[in-house]
Amino acid sequence: MYTNKFGRLMLGLHFLKTTAVCGVVHWAAGRSGFSWTAVCKQRTLWLRRSTCREMERRSLLRHTGSQSASQTTVDPDELRRFQSLACKWWDEQGEFAALHAMNDLRVPFIRDNLLNLHRARHPGKPLAGLKILDVGCGGGLLTEPLGRLGAKVLGIDPVENSIGTAQLHSSFDPDLCERVSYQVCTLEELSGGEEEGVGHFDAVVASEVVEHLADVETFAFCCSQVLKPGGSLFITTMNKTNLSYVLGIVVAEQLLHIVPSGTHDWEKFISPVDLERLLESTGFSVQSVKGMLYNPLLRAWSWSDSTAINYALHAIKLSKQAEDSGLHPEDHTAETHS
Ligand SMILES: C[S@@+](CC[C@H](N)C(=O)[O-])C[C@H]1O[C@@H](n2cnc3c(N)ncnc32)[C@H](O)[C@@H]1O
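Below: a short report on this structure. (Residues numbered from 1 in each chain as written. Predicted model: local features only at pLDDT ≥ 70, side-chain atom pairs only at ≥ 80, totals over all residues. Heavy atoms only, no water.)

Glancing now at the environment of Pro158. Structurally, Pro158 is set in the loop between strand S2 (152-157) and helix H7 (160-171). Along the backbone, Pro158 and Glu189 are 31 residues apart, and their C-alpha atoms lie at a distance of 9.9 Å. Sequence-distant contacts of Pro158, that is, excluding residues within four places in its chain, are made with Leu79, Val184, Cys185 and Thr186. (Helix = DSSP H or I, 4+ residues; strand = E, 2+ residues; numbered from the N terminus. Contact = heavy atoms within 4.5 Å.)

As a further point, take the site of the ligand. Residues in contact with the ligand amount to 19 residues; listed here are only the nearest, Thr73, Arg106, Gly136, Asp157 and Ser207. Thr73 is positioned such that a nitrogen or oxygen atom in its side chain is 2.9 Å from a nitrogen atom of the ligand. When the ligand sits alone it has 590 Å² of accessible area, and the protein chains cover 98% of it. Where the shell around the ligand is concerned, the elements lending two or more residues are helix H4 (76-83) and helix H5 (97-117). For the shell around the ligand, the class distribution of residues is 11 nonpolar, five polar and three charged. (Near = heavy atom within 4 Å. Polar contact = N/O pair within 3.5 Å; in protein donor to acceptor, adjacent residues only side chain to side chain. Areas by Shrake-Rupley, 256 points an atom, 1.4 Å probe, with all protein chains shown as cover. Nonpolar A, V, L, I, M, F, W, Y, C, P; charged D, E, K, R; others polar.)

Time to look at the sheet that holds strand S5 (residues 227-238). The strands that make up a sheet pair up through hydrogen bonds in the backbone, lying either parallel or antiparallel. With respect to topology, eight strands assemble into an open sheet ordered S3-S2-S1-S4-S5-S8-S6-S7, the strand pairing being mixed. The sheet is open, and its two edges are formed by strand S3 (180-184) and strand S7 (300-304), each paired on a single side. Going across the sheet, the axis of each strand differs from the next one's by a mean of 20 degrees, ignoring polarity. Bridging between S2 and S3 involves five bridges; their strand directions are parallel. Paired with Ile156 across the two strands is Gln183, which belongs to S3. Running at roughly 155 degrees to strand S6 (residues 284-295), helix H11 (residues 272-281) makes contact with S5, S6 and strand S8 (310-317) of the sheet. (Pairing = 2+ DSSP bridges. Axes fitted to C-alpha atoms, helices over the stretch in contact; angles between N-to-C directions.)

This part is about helix H10 (residues 242-255). Three or four residues apart is the spacing at which side chains of an α-helix point the same way, because the helix has 3.6 residues per turn. Over its 14 residues, H10 runs only 17 Å from end to end, short of the ideal 20 Å by more than 12%, given 1.5 Å per residue. With 10 of 14 residues buried, H10 lies mostly within the body of the structure. Buried residues of H10: Asn242, Leu243, Ser244, Tyr245, Val246, Gly248, Ile249, Val250, Ala252 and Glu253, and no others. Positioned one or two residues after H10, His257 has a phi angle of 55 degrees, which is positive. (Expected span 1.5 Å × (residues − 1). Buried < 20%, exposed > 50% of the residue type's maximum accessible area, 1.4 Å probe, protein only.)

See below:
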């Protein structure tokens, strides 16, 4: 395990080196006879083999039809971690500062992609009439701005105290009372329930959540269950690269303390390619994937051509007909909301 982490650290540093940030480290390694090329080759082979194994496993799952909501997405260690931070959600300078700042990108990303599919009918409230599910909403950092854009938003999270914080915070804004609600539950519990279950939502949002789940396949399956045909899925998450290990874990958690130490487990990160494959095998069509970059000095996010660390993805749930006929979602009109 430690050997793996060391390898990732070295390869991440190697990447930084090529962008001229760690020239000194490279020089030192070169002098010690360390071969970056050999390590890179080994790592590439290992990645190829594990990708093949993962694809075989997913293909088996598809063909045996055993993909269902019977498994849980919950990792109890993750919930314990977020439980201990449940009163910190709205401290804009605290542990969740980067999530507060991320709203500058993710709110317009969600709004604009939804407006491309659904005509705005209410000036000032462009998302009015849309039902959005915010999975893993935490303290409601993203739920609230989506509600302010006029959508009816349900935020769910298995951590009771986070939902308590979210409810308390939104109660101070009378404007949100009618549009934002919260529930302590998981997505699989919601999708199995009667009331808010199958085919209910125009959009599902899961921002910085996928990397905390025990089972991403169950998550994708349940997203598809709760969405209307033509509904949108928005995910922001972290790529599984050596660079994301160095910057997302070593630098962000251990050196700069941008997020609390232990927040992320690199093994749970997922590449855009793997996420796309999983979603397309679950009946989605991926519309866009965009790289995101955090500048800790400015405490600001910007869009980036590179998806090597963080990225945002938008996918659309295909209707049964479109899925069967292989139609591209642009060929079918997304259901308009009432
Ligand atoms: C990094 S926080 C993101 C919170 C929020 N989406 C935001 O961006 O402000 C991850 C959230 O996922 C929640 N979470 C962890 N496991 C979950 C699961 N299995 N189902 C739903 N939410 C989960 C955590 O409780 C936590 O609130």
